[in-house]
Amino acid sequence: MKAELLEVPFEVSDREWVEEWDGRLDDLLVGVGRFFGRVETQWRGEACIRGLLGPAPRKNGWQLAEYAGDRAPWNQQHLLDRARWDVEGVRDFTRRYAVAQLADGGVGAGPGGAGVLVVDETGFAKRGKASAGVARQYSGTLGGVFPCQVGVMASWATSAGQALIDRELYLPKEWTDAPERCRASHVPPERDFLTKPRLAEAMITRALPDLPGGAGAVWVAADEVYGREQAFRSFLEERRLPYVVNIQANTPVMARPGWRHAARLVERVAREEDWVELAAGPSQLDTRTWQWWARRLPGPGDLADEEVWARWFIARRRSEEPGKRDYYLGWGPADTPVEEIVLVPGAHWRVEEAIKLAKSACGLADYEVRSFHGWYRHITLAQLAAAFLAGCNAATARESGPLASTRFGQPPPTAADRGQRGGRS
């Protein structure tokens, strides 16, 4: 007897999508549940994560409570404030989970198929003086100097996607110089003033053991807040982490007088025919194509090992705006071709996309907590929820390519969207 052809519809229904999504979410909640300790805290943590993934327009305490079926936000407030659970354990779980979900078999988003660890910061608009770290400070996210909190974020990027994997709250000196104010917001007494590059170094140190390949195989990308600092670049070099970091136009590149600054060096040396057009990796809209000028910097590149390392100076511009340029310093294996080097700064947009997804779909910026530890708890749970979405997008892309473009960056429909209950009361 000849077997009949299996007939299944090509389109995936919302119900089928919900069932698959809920199954994956249940697996995630089982894995992370051990970090919440008591059963009641596990339920609250599960309800919070489900709420962060739910359809509520804002993911504050009241709306998360309503989604969970509670009459008031006390359970959510208790979870973010007084409950005892291992927030650092959830942070490390999130990092390992994101790395596993975004594994791409060595295709990578950077040179040689490596993944790219991207560091950047984002602002959270906050008024008043009681929220930990709030001050009038510059935020590129907000577009100027505003009362806000600034969080330094680390993102892991591969060809399968990107996800936030760590976070640190920046405390300006006006906070660390005011012990009473720090005490009122529950800032640990041992927390001193740390610049953003120092916070980034702490996250890189934590992430490195969990990243595929480790030192030498992971590239780092960062904007000029970090790249302009020699100490940060030295930190990466000491750990054999190749990098391409953004620098300011007036950053010294060479010791020779008159040729020191990045912008001046390009103006004097770069000929029009030297600029080459290269793709720096895909974006949501299109492949990012720029004009690049890259030169290897003179000087010793040998380290006390078998590999030879090199430094590069790189400039980038758009053909329609040749006078508007970005500048980079790079360091890595000397045989890395320019076509691959440019993939590293091209991956920097990944952390912006990861932050955008976490804010729009998972309530990263919707918190109402004021304490230092409350900020870390909310941000950590929101990053876990966003990592789950990134994993769903990556899995969908692997399994059914055409569907990935329709679902990218958007959470699948939840049980609540179909009138079903999404969490425990």
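Just so you know, these numbers come straight off a predicted model, no measurement behind them.

K.L.:
What am I meant to see in the packing of aromatic side chains here?
P.N.:
A ring pair, where both rings are aromatic, is described by two values, the distance of the centres and the angle of the planes. Scanning the model with the defined rule gives 14 aromatic pairs in all. Taken together, Phe124, Tyr367, Phe372, Trp375 and Tyr376 form an aromatic cluster joined through their ring pairs. Taking NZ or CZ as reference, lysine 173 lies 5.2 Å from the ring centre of phenylalanine 193, over its face. One cation-aromatic arrangement involves arginine 317 over tryptophan 275; the distance from NZ or CZ to the ring centre is 4.2 Å.

K.L.:
Is there a simple way to explain the nonpolar core in this structure?
P.N.:
A general tendency of soluble globular proteins is for nonpolar side chains to be buried together. Leu53, Leu117, Ile204, Leu381 and Phe388 are the most contacted members of the largest nonpolar core, which has 107 residues in total. Ranked by residues supplied to this core, first place goes to helix 15 (residues 372-399) with 15 residues. Not counting the four nearest positions on each side in its chain, isoleucine 204 is found in contact with Leu117, Val119, Val220, Phe232, Phe235, Leu236 and Leu241. The next biggest cluster of nonpolar side chains, apart from the first, holds 14 residues, and it includes Ala263, Val266, Trp275 and Ala315.

K.L.:
Got a minute to help me understand helix 3 (residues 61-68) in this structure?
P.N.:
It helps to recall that an α-helix has 3.6 residues per turn; residues three or four apart then point in one direction. The complete set of buried residues in helix 3 reads Gly61, Leu64, Ala65, Tyr67 and Ala68. In a view along the axis of helix 3, the buried residues occupy a sector of 160 degrees, so they form one face of it. What points out from helix 3, more than 90 degrees from its buried face, is the exposed set Trp62 and Glu66. Where the residues of helix 3 are buried, they touch helix 2 (39-52) and helix 4 (74-80). Phi turns positive one or two residues past the end of helix 3, at glycine 69, with a value near 90 degrees.

K.L.:
Help me understand the packing of helix 14 (residues 349-362) against helix 15 in this model?
P.N.:
When two helices pack together, their arrangement is captured by the angle between the axes and the distance separating the axes. With their axes 9 Å apart at the nearest point, helix 14 and helix 15 run at an angle of 105 degrees to one another. On the basis of the axis angle, helix 14 is roughly perpendicular to helix 15. On helix 15, the residues that touch Leu357, Ala358, Ala361 and Cys362 of helix 14 are Ala382, Ala385, Ala386 and Leu389. Residue classes in the contact of helix 14 with helix 15 are distributed as 8 nonpolar, no polar and no charged.

K.L.:
What should I look at first to understand helix 8 (residues 196-207) in this one?
P.N.:
Helix length check: helix 8, at 12 residues, gives a terminal C-alpha distance of 17 Å against a target of 16 Å (1.5 Å per residue), a fit within 8%. Among all positions of helix 8, only Lys196, Pro197, Leu199, Ala200, Glu201, Met203, Ile204 and Ala207 are buried.

K.L.:
It is not clear to me how the pairing of strand 3 (residues 144-158) should be interpreted in this structure. Could you clarify?
P.N.:
A regular strand places its side chains so that they alternate between the two faces of the sheet. When you tally the buried positions in strand 3, you get 12 out of 15 residues, the bulk of the element. In terms of strand pairing, strand 1 (residues 116-125) meets strand 3 through 10 bridges, oriented antiparallel. Looking at strand 3, one finds that threonine 122 is bridged to glycine 151. Both strand 2 (residues 135-139) and strand 3 contribute to a ladder of 5 bridges, which runs antiparallel. When the bridges of strand 3 are listed, arginine 136 appears paired with proline 147. What sits between strand 2 and strand 3 in their antiparallel hairpin is a turn of 4 residues, with glycine 143 showing a positive phi close to 85 degrees. Count of turn residues in the strand 3/strand 4 (residues 161-169) antiparallel hairpin: 2 residues.

K.L.:
Honestly, the pattern of salt bridges in this entry has me stumped. Any pointers?
P.N.:
As a working rule, side chains carrying opposite charge can pair if their charged atoms are close by. Across all of its chains, the model carries 24 salt bridges by this definition. With a closest N to O distance of 2.9 Å, aspartate 166 and arginine 206 form a salt bridge. Of this pair, aspartate 166 sits in strand 4 while arginine 206 sits in helix 8, placing them 40 residues apart in sequence. Residue aspartate 166 is classed as buried on the basis of its relative accessible area of 1%. Salt-bridge contacts for glutamate 180 lead to arginine 183; the nearest nitrogen and oxygen are separated by 2.2 Å. Linking glutamate 180 with arginine 183, this pair stays in helix 7 (residues 179-184), spanning 3 residues, or about one helical turn. By relative accessible area, glutamate 180 is classed as exposed at 57%.

K.L.:
Looking at this structure, how should I read the pairing of strand 6 (residues 243-247)?
P.N.:
Burial analysis of strand 6 places 5 of its 5 residues in the buried class, which makes it a mostly covered element. Of the two faces of strand 6, the one lined by Tyr243, Val245 and Ile247 and the one lined by Val244 and Asn246 are each fully buried. Alignment of strand 5 (residues 219-222) against strand 6, held across 3 bridges, turns out to be parallel. By the bridge assignment, alanine 222 is partnered in strand 6 with valine 245.

K.L.:
Is there a simple way to explain the confidence of the model for the protein in this structure?
P.N.:
Interpretation of the predicted coordinates at a detailed level should be avoided for regions scoring low in pLDDT. Per-residue pLDDT for the protein has a mean of 85; in total, 86% of the residues score no lower than 70. Element-level mean pLDDT values for the protein span from 38 in helix 16 (residues 401-407) up to 97 in helix 8. A low-confidence stretch, residues 301-306 (pLDDT under 50), is modelled with 8 contacts involving residues beyond four sequence positions or located in other chains. Note on residues 402-425: pLDDT is under 50 here. Beyond four places in sequence and across chains, it has 55 contacts.

K.L.:
Help me out: how do you make sense of unusual backbone geometry in this one?
P.N.:
Backbone geometry follows two general trends: most residues other than glycine have a negative phi, and most peptide bonds adopt the trans configuration. Within the chain, histidine 186 stands out as a residue other than glycine whose phi angle is a positive 65 degrees. Take histidine 186: it is sitting in the loop between helix 7 and helix 8. One non-glycine residue, arginine 240, lies in positive phi territory at about 55 degrees. Position of arginine 240 relative to the elements: it lies in the loop between helix 10 (230-238) and strand 6. Judged by its relative accessible area of 29%, arginine 240 falls in the partly exposed class.

Criteria and thresholds
- Residues numbered from 1 in each chain as written.
- Predicted model: local features only at pLDDT ≥ 70, side-chain atom pairs only at ≥ 80, totals over all residues.
- Heavy atoms only, no water.
- Phe/Tyr/Trp six-rings, centres within 6.5 Å; stacked < 30°, edge-to-face > 60°.
- Lys NZ or Arg CZ within 6 Å of the ring centre and 35° of its normal.
- Core = buried A, V, L, I, M, F, W, Y, C linked by side-chain atoms within 4.5 Å.
- Buried < 20%, exposed > 50% of the residue type's maximum accessible area, 1.4 Å probe, protein only.
- Helix = DSSP H or I, 4+ residues; strand = E, 2+ residues; numbered from the N terminus.
- Contact = heavy atoms within 4.5 Å.
- Arc of directions from axis to C-beta.
- Axes fitted to C-alpha atoms, helices over the stretch in contact; angles between N-to-C directions.
- Parallel < 35°, antiparallel > 145°, perpendicular 65-115°, else oblique.
- Nonpolar A, V, L, I, M, F, W, Y, C, P; charged D, E, K, R; others polar.
- Expected span 1.5 Å × (residues − 1).
- Pairing = 2+ DSSP bridges.
- Salt bridge = Lys/Arg side-chain N within 4 Å of Asp/Glu carboxyl O.
- pLDDT = per-residue confidence, 0-100.

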